[in-house]
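# Breakdown of the fold
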Amino acid sequence: MRILVLFKIVPDLDLLQDKEWTIKNTLPVETAYVKKIINVYDESALELTLKMADHSINNKQQIELSAFTIGEPHADLFLKKLLALGFNNTYRVQCSADLRFNPYAIAYIITAFASQYGPYDLIAMGMQSSDGDNAKTALLVAEMLTWPCITGVTGFELRDLDLVAVRNINDQGLVEQLVHEPAVLAVGNAPCSLLRVPTLRDIKSAADQEIAIISLQSLGCDLKKLNRQNDTELESLNTVNNTRAGLVIEGTSAEEKARLLYEKHLKGWLSSR
Amino acid sequence: MSLKKEQLIEGLVEILGSEKVITDPEVLKESSVDRFRRFEELHGVYTQPLPAAVVYPQDSSQVAAVLKFASDKGINIVPRTGQTATEGGLETIVENSVVLDGSEMNEIIKIDSYNMQATCQCGTPLQVLEDQLREQGYTTGHSPQSKPLAQLGGLVATRSIGQFSTLYGGIEDMVVGLEAVFPNGEIARIKNVPRRAAGPDIRHVVIGNEGTLCFITEVTVKIFKFMPENNILLGYTLENMKTGFEILRQIMADGYKPSVARLYDREDGAYHFSHFANDKCVLILMAEGPKKIAEATAEAIEEIVGAHTECVKVDTPYIQTWFDNLNWDATDVAAERAEILETKNIGNTTEISADWATINKIYEVCIERIRNEIPDMTLVGGHSSHSYINGTNLYFVHYYNVVDCKPEEEILKYHHPIKKIIVEETIKAGGSMCHHHGVGKHRTPWIKDEYGSSYYILETLKNAFDPEGVMNKGTIFPG
Amino acid sequence: MKYKVIINACSPSYKARAEEILSFLQEHHLTSGNAAGYNEAIVFYAEEQKAEDIINRLPFKTFKMVRIKHYQPEIILTILQELEIGSPAQIYIFPGDSSGNELAVRFAWRLNGSSLVAVEKITIQDNALVGIKKVYSGNLRGAFIFNYKPYCFSLARGMSRFEADIPVEKKNYTFHDYSSKTISLQPHDYLESPKEEENKLEKSSFIIAAGRGTGNSMEISRLQNIARELGAELGVSRPVVMNAWAPLDQLLGASGAVVSPDICLTLAVSGSPPFYYGIEKSKTIIAVNHDEHAPILKAADIVIIDDYKKVIDTLIKLAADEKGA
Ligand SMILES: Cc1cc2nc3c(=O)[nH]c(=O)nc-3n(C[C@H](O)[C@H](O)[C@H](O)COP(=O)(O)OP(=O)(O)OC[C@H]3O[C@@H](n4cnc5c(N)ncnc54)[C@H](O)[C@@H]3O)c2cc1C
Ligand SMILES: Cc1cc2nc3c(=O)[nH]c(=O)nc-3n(C[C@H](O)[C@H](O)[C@H](O)COP(=O)(O)OP(=O)(O)OC[C@H]3O[C@@H](n4cnc5c(N)ncnc54)[C@H](O)[C@@H]3O)c2cc1C
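Nothing here was measured: the structure is a model prediction, and the numbers come from that model.

### As for the overall build of chain C
The number of helices and strands found in chain C is ten helices and 15 strands. Each principal axis of the C-alpha distribution contributes one length, and for chain C these read about 65 × 45 × 40 Å. When each of the 325 residues of chain C is scored for burial, the buried share is 60%. For chain C, the proportion of contacts with a sequence separation of at least 24, taken over those separated by at least 6, is 65%. Working note: accessible area of chain C is about 12500 Å², and carbon and sulfur atoms make up 48% of it. Averaging the positions of the 36 positive and the 39 negative side-chain charges in chain C gives two centres separated by 3 Å.

### Describing the overall build of chain B
Each helix and strand counted, chain B has 18 helices and 19 strands in total. Relative to the compact-globule value of 23 Å for 479 residues, chain B shows a C-alpha radius of gyration of 22 Å, a close match. Based on the C-alpha atoms only, the size of chain B along its principal axes is roughly 70 × 60 × 45 Å. Residues classed as buried in chain B amount to 58% of the 479 residues present. Here the contacts in chain B between residues at least 6 apart in sequence split such that 72% fall between residues at least 24 apart. Summing over all exposed atoms, chain B offers an accessible surface of approximately 19100 Å²; the carbon and sulfur share of this is 49%. Chain B carries 45 positive and 67 negative side-chain charges, and their two centres are separated by 4 Å.

### Considerations on the site of ligand 2
Surveying the vicinity of ligand 2 reveals 31 residues, the closest of which are Asp14(A), Arg212(C), Ser237(C), Ser255(C) and Ser270(C). Lying at an intersection of chains, ligand 2 is approached by residues of chains A, B and C. Within the backbone of Arg238(C), a nitrogen or oxygen atom sits 2.9 Å from an oxygen atom of ligand 2. Within the contact set of ligand 2, a nitrogen atom lies 2.8 Å away from a backbone nitrogen or oxygen of Leu252(C). Coverage of ligand 2 by the protein amounts to 91% of the 990 Å² it exposes when considered alone.

### Overview of the packing of aromatic side chains
Under the defined criterion, the tally for this structure stands at 29 aromatic pairs over all chains. Geometrically, the ring pair formed by Tyr400(B) and Tyr414(B) is stacked, given 4.6 Å between the ring centres and 15 degrees between the ring planes. Of this pair, Tyr400(B) sits in strand 19 (residues 391-401) while Tyr414(B) sits in helix 16 (residues 410-429), and the two are 14 residues apart along the sequence. Here Tyr400(B) falls in the buried class, since its relative accessible area comes to 0%. Grouping aromatic residues by their ring pairs yields a cluster made of Phe164(B), Tyr264(B), Phe273(B), Phe276(B), Tyr318(B), Trp322(B) and Phe323(B). The side chain of Arg2(A) reaches across the aromatic face of Tyr120(A), ending 4.6 Å from its centre.

### Thoughts on the pattern of salt bridges
Under the defined criterion, the tally for this structure stands at 64 salt bridges over all chains. Of the charged contacts in the structure, one is a salt bridge between Glu263(A) and Lys267(A), with a shortest N-O distance of 3.7 Å. Remark: Lys267(A) and Glu263(A) occur in helix 8 (residues 254-272); sequence separation between them is four residues, near one turn of the helix. Between Glu295(B) and Lys291(B) there is a salt bridge whose closest N-O contact spans 2.9 Å.

### With respect to the environment of Glu64(A)
Residue and element names in this part refer to chain A. On the secondary structure map, Glu-64 appears in strand 4 (residues 64-71). Through-space distance from the C-alpha of Glu-64 to that of Ala-53 is 8.9 Å; in sequence the pair is eleven residues apart. Excluding residues that lie within four positions of it along the chain, Glu-64 makes contacts with Met-1, Arg-2, Ile-3, Asn-88 and Asn-89. Among the polar contacts made by the side chain of Glu-64, one reaches the side chain of Asn-89 at a distance of 3.1 Å.

### Topic: the sheet that holds strand 8 (residues 175-181) of chain B
Residues and elements named next belong to chain B. If you walk across this open sheet you meet the five strands as 5-6-10-8-9, and the pairing is antiparallel. Only two strands of the sheet have a single neighbouring strand rather than two, namely strand 5 (108-112) and strand 9 (187-190). Averaged over all neighbouring strand pairs, the angle between strand axes comes to 10 degrees, with direction disregarded. The pairing of strand 8 with strand 10 (residues 215-222) spans six bridges and is classified as antiparallel. Bridging across to strand 10, Glu-179 finds its partner in Glu-218. Where helix 4 (residues 60-73) meets the sheet, its contacts fall on strand 8, strand 9 and strand 10, and the angle it forms with strand 8 comes to roughly 50 degrees. Contacting strand 5, strand 6 (117-121) and strand 10, helix 5 (residues 126-135) runs over the sheet at an angle of about 35 degrees to strand 5.

### Here's the deal with the site of ligand 1
Residue and element names in this part refer to chain B. Taken together, 32 residues sit near ligand 1, with Pro-79, Thr-81, Thr-84, Ser-146 and Ile-161 positioned nearest. Within the contact set of ligand 1, a nitrogen atom lies 2.7 Å away from a backbone nitrogen or oxygen of Ile-161. Backbone polar atom of Gly-211 to a nitrogen atom of ligand 1: 3.3 Å apart, as the coordinates give it. Protein contacts shield 96% of the accessible area of ligand 1, which totals 970 Å² for the unbound molecule. Counting residues per element, the ones that place at least two in the shell around ligand 1 are strand 3 (77-80), helix 6 (152-157) and strand 10. Of the residues that make up the shell around ligand 1, three or more belong to each of domain 1 (5-103) and domain 2 (108-225).

### Section: the side chain of Glu219(C)
Residues and elements named next belong to chain C. Inspection of the secondary structure puts Glu-219 in helix 7 (residues 217-230). Its relative accessible area of 7% is what places Glu-219 among the buried residues. Beyond its immediate sequence surroundings of up to four residues, Glu-219 is in contact with Thr-214, Tyr-308 and Lys-309.

### Quick notes on the state of the cysteines
Across all of its chains, the model carries zero disulfides over all chains by this definition. Looking at Cys149(A), it has no disulfide partner, and the nearest cysteine sulfur is the one in Cys152(C), 17 Å off. A relative accessible area of 1% means that Cys149(A) is categorised as buried.

### A short note on the interface of chain A and chain B
Taken together, the contact between chain A and chain B spans 19 residues of the former and 20 residues of the latter. Both sides of the chain A and chain B interface together cover about 1800 Å² of buried area, and 58% of this is carbon and sulfur. The largest share of the area that chain A buries against chain B comes from Tyr33(A), Leu194(A) and Leu200(A), three residues that together contribute 32% of it. Between chain A and chain B we count zero salt bridges in total.

### What about the domain arrangement of chain C?
Residue and element names in this part refer to chain C. Parsing chain C into structural domains produces domain 1 (3-177) and domain 2 (200-324). Between domain 1 and domain 2, the C-alpha centre-to-centre distance is 32 Å. Regarding the contact of domain 1 and domain 2, the summed buried area is about 800 Å², with carbon and sulfur atoms giving 44% of it. A per-residue breakdown of the area domain 1 buries against domain 2 is headed by Lys-134, Arg-157 and Gly-158, which together make up 52% of the total. Across the contact surface, domain 1 and domain 2 share three salt bridges. One salt bridge connects Arg-161 with Glu-202, and the closest N-O pair in it is separated by 3.4 Å.

### Observations regarding helix 4 (residues 103-117) of chain A
Each α-helix turn comprises 3.6 residues. Residues three or four places apart therefore point the same way. Residues and elements named next belong to chain A. Compared with the 21 Å implied by 1.5 Å per residue over 15 residues, the 21 Å span of helix 4 between its first and last C-alpha is a close match. Counting buried positions along helix 4 gives eleven out of 15 residues, so the element sits mostly inside the fold. Where helix 4 is concerned, the buried positions are Pro-103, Tyr-104, Ala-105, Ile-106, Ala-107, Ile-109, Ile-110, Thr-111, Ala-112, Phe-113 and Ala-114.

Reading the values: rules and limits
- Throughout this description, residue numbers start from 1 for each chain and increase along the sequence as written.
- Chains and ligands are labelled by the order in which they are written, letters from A for the one and numbers from 1 for the other.
- At least 70 in pLDDT is required for a residue's local features to be given in this predicted model, at least 80 for side-chain atom pairs to be given and counted, and no such filter applies to totals for whole chains, interfaces and linings, which use all residues.
- The basis for the side-chain values is all heavy atoms of the structure; hydrogens and waters are excluded.
- Each helix corresponds to a stretch of at least 4 residues labelled H or I by DSSP, and each strand to a stretch of at least 2 residues labelled E; elements are numbered beginning at the N terminus.
- Relative accessible area decides the class of each residue, using a 1.4 Å probe on protein chains only: under 20% of the type maximum gives buried, over 50% gives exposed, and in between gives partly exposed.
- Between two residues, a contact is recorded if the distance between any of their heavy atoms is within 4.5 Å.
- Surface exposure here means Shrake-Rupley accessible area, sampled with a 1.4 Å probe, where a residue is shielded only by the protein chains that are shown.
- When charges are counted, Lys and Arg contribute as positive and Asp and Glu as negative, whereas His and the chain ends are disregarded.
- To locate a charge, take NZ of a lysine, CZ of an arginine, CG of an aspartate or CD of a glutamate.
- Just to be clear, the radius of gyration here is over C-alpha atoms, and the globule rule we use is 2.2 Å times residues to the power 0.38.
- Here a residue counts as near a molecule or strand whenever at least one of its heavy atoms sits within 4 Å of it.
- Counting of polar contacts relies on pairs of N or O atoms within 3.5 Å, with two restrictions inside protein: one atom must be capable of donating a hydrogen and the other of accepting it, and residues adjacent in sequence are counted only when both atoms are side-chain atoms.
- Side-chain rings of Phe, Tyr and Trp, where Trp is taken by its six-membered ring, are said to pair if the distance between their centres is within 6.5 Å; with planes under 30 degrees apart they count as stacked, over 60 as edge-to-face, and otherwise as tilted.
- Comment: the charge-over-ring label is applied if NZ (Lys) or CZ (Arg) is within 6 Å of the ring centre and within 35 degrees of the ring normal.
- For this analysis, a salt bridge means a side-chain nitrogen from Lys or Arg found within 4 Å of a carboxyl oxygen belonging to Asp or Glu.
- Think of it this way: DSSP has to see at least two bridges between two strands before they count as a pair.
- Here an axis means a line fitted to C-alpha atoms, over the contact stretch when the element is a helix, while the angle between two N-to-C directions is reported on a 0 to 180 degree scale.
- Domain delimitation follows an automatic or database domain assignment.
- Note that a disulfide, as used here, is simply two cysteine sulfur atoms within 2.5 Å.
- Here's the idea: put two parts together, see how much 1.4 Å probe accessible area each one loses, and the total over both is what we call buried area.
- The span expected for a helix works out to 1.5 Å for each residue beyond the first.

Written out as structure tokens, the structure reads:
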């Protein structure tokens, strides 16, 4: 069983204060100076995959885990960590182009990779990234590969050789289903899926495993063409204004403030319901 | 213990009223530990004897009455304010201890901007004082990472230090006067004067006592003009800690005073600066103060660093967002707890100091030994964050996965052996085993080695001021 | 431009989603077509559902009722493709939910068109379409040009709704039975059927939203009770569900529920844009946060800067006193 997990390194946007967004209505937004993290949904995809592998070790199924990203060398730090955590292969497609708003290109590169280095039985990835907010990549990968796609995944485990039990949340609620391979799993808000931490010993024993660096060329991808073929194109950016009155209730203690809030703003409304 | 628990509580209620004497079992559990035992606590395991009560005095006379009562009856008192202690200073190791919590004494008594000093009660959170000062254009210059949570009593009691210490100094350089209550009920006020030569400086009996000699009720600190518009933040990556130490030494020796002077090794650097560190050490400096001084300081720093070719300058915005998110508040603590529970990965720190000639040796040997001797480590690294003319500190950061052991075994299996390595190597090399978190309860085994022949002075203080031994037993002085 | 609307009636909240689309159409002056019978909706429903109910509730005039076995995107896509490939419309509008997002993107791909997810607004100029949506986790808005027809997009979650009561006799619909349709790609078998419930948060007029600052699961369960006593629903921010302090269906935000209560009281929430997205339609936002710099304080109508515990404890006492009195 060969599983490919896709992830993206993004700036931790939670670290930015709102004032920093007011001046940035230019294209592209500069986020290079913000601390990098694994995109939150991708992090969940990585951990859920490791959890699945933990369980299958007991079932003695052969599982090969590969992690893949597209980007610049700073991603290697994360790939090394994944090697230490038990991923058998790690790949980075060297690409310094700004593809934040080109999920088509990303999906195309992934598909080219999966066809050349595959076949894979499962592809797991996050359903959305925090900078592009496109929410398209997983779906496009499924379409390009003509695979089914399960969205909003919160967990999965192997049931049989080509059968995976997948829990996901869709518009009808929480669902559990048996999925035949191959399939794309687009991971959503999956509780308790923080990526585990490798020990120094893990890191040391994975030290001589190499990260495979792949060129776009070798995958037959032409960036110019991919940019031309993008189905939508970002034209402009604008700030979002969420400002409201912000009336501060003053008082000498929390209790007094709460009382004022209750008397002035809640009591009448609560009793009129 | 001659007194029964019920009588003890009755006595406290008589002094403070029943509202201020808390005996809720959940509160007592939480109050039996501090951050040092948070792994146990997170798993609902409490290994220390629970205190009999947590009490909230409202003024110095109540503090005096409680302490006198405790002295008379031989009740162990654990003073506390912000509860951010990291070294076990808040652990209640004696059956039926009383936690004396000063956090409701939180008035800012006076901001005296003419004489450049501010007076407040022990329970004032530093953040509250600092925010109020900044509104008026002033600052305490004190900026420990725990600023949003720590309170002035605890900050003075632990000899704390902030991120701008290289310019403003540690808390001992800031306190001009204070009020403290001793176990016999004596209330002592040390007046606020610029300096005096009227015998030994008795402030130092109080500063850093960690609740083992007296209870601090009021503090007056210096204030400074707040001029953030003049700040110049500088950052570099470099290959070696050794080079970094040498640069810090030169800056100090040449007489410059940046406010921030921080040197991270590769591991710690990768943790904080994944967006640019790139497997390098990281050096961060900030020049602040009056414009001309800040500019001259920055210029000199650039010159000194520039002479070391391995240093590569980093654009300021790369450090600015890190700098803006440096402090820890209640939410960060909650987030950390959730993460520890989920990943079983926990991080702690040990901070030491030594002179320039020694610091790098201690750094190298400790890192090497922890890596080799302690299982399941996930990160061993450190940074220097406070420099002086004759040396600097080292803040070791050690993270591990807790594997195959019960929550209550975590400290024995991992944390103590790590502390032991760092403390012993440091003392052997002539450094100090505690730079700013205090001794707490987990470094007391080495306190005599730390002091050598001067331990006589320390011990005599304890015997003189706490003859009944009721003040925070097991802290600083072996229990 | 000719457009069609796709509705997934297998979802328990299909009516609300349809009303959001209707409101969107009106705001963009696109409704006349539907009235003239030129533009239409394609409605997918499961075989066990009653078609009449759906027809009654839907605020559309012209639509196709397509019966399928149960919701499965691959089947819907195959059928849509069959229905539309001959003479596709220029625009396909999908609802603001996860199936809407999925179908929009995959359908566009199959028809060589372009897609955009979570669109708040469009402008049509000279045969070209521009869609406006939030990007950078809701920190900014971006305007995107669609390059290839058909233009497919899903709405942003929780847009405003227009409730139209159209008499059945004015409705114009046809039936299409695909319930026995199978496809070669038959990937799923449900082990556990989804519960057929609308999200309670969406309907509530009073929501208490708890953030990470509440600290632990015990405190969240305490707040669940407090909310119940006050007659409110409890919603939470992402860290709270990620730490498993509360179930997923209580999540508010861009990736959770989008609500529009009369009052939303936030406790220990910082107010990051992806969270705020979930509550921005509230009539009144009351925020309690002890950090005076927390972004939520600027984005709320009424603010208390203090420890939320003391505030909520006092509120519950006052409310109980009121009840008792
Ligand atoms: C995230 C984090 C970051 C930190 N960063 C720094 C840092 O940058 N610099 C630094 O120096 N420290 C730091 N610390 C350590 C800690 O914040 C300091 O030691 C602080 O001074 C403790 O203040 P507190 O009010 O929380 O005291 P507490 O935790 O309540 O008590 C600390 C010690 O002082 C004693 N004590 C408390 N109040 C009194 C009193 N009124 N009279 C007598 N004794 C008293 C207690 O018995 C205890 O031994 C950090 C801690 C955390 C958790
Ligand atoms: C792609 C993507 C999608 C996302 N989607 C969502 C989403 O749908 N919904 C969502 O919620 N998040 C979402 N997030 C996460 C979001 O970015 C924030 O991380 C999250 O909303 C923060 O939650 P919080 O406000 O509860 O926590 P924090 O940001 O940690 O804030 C906690 C607040 O509590 C305050 N506080 C602490 N203690 C107290 C006290 N005792 N009294 C008063 N105040 C206190 C603190 O001052 C702080 O402001 C998403 C992120 C990404 C990247």
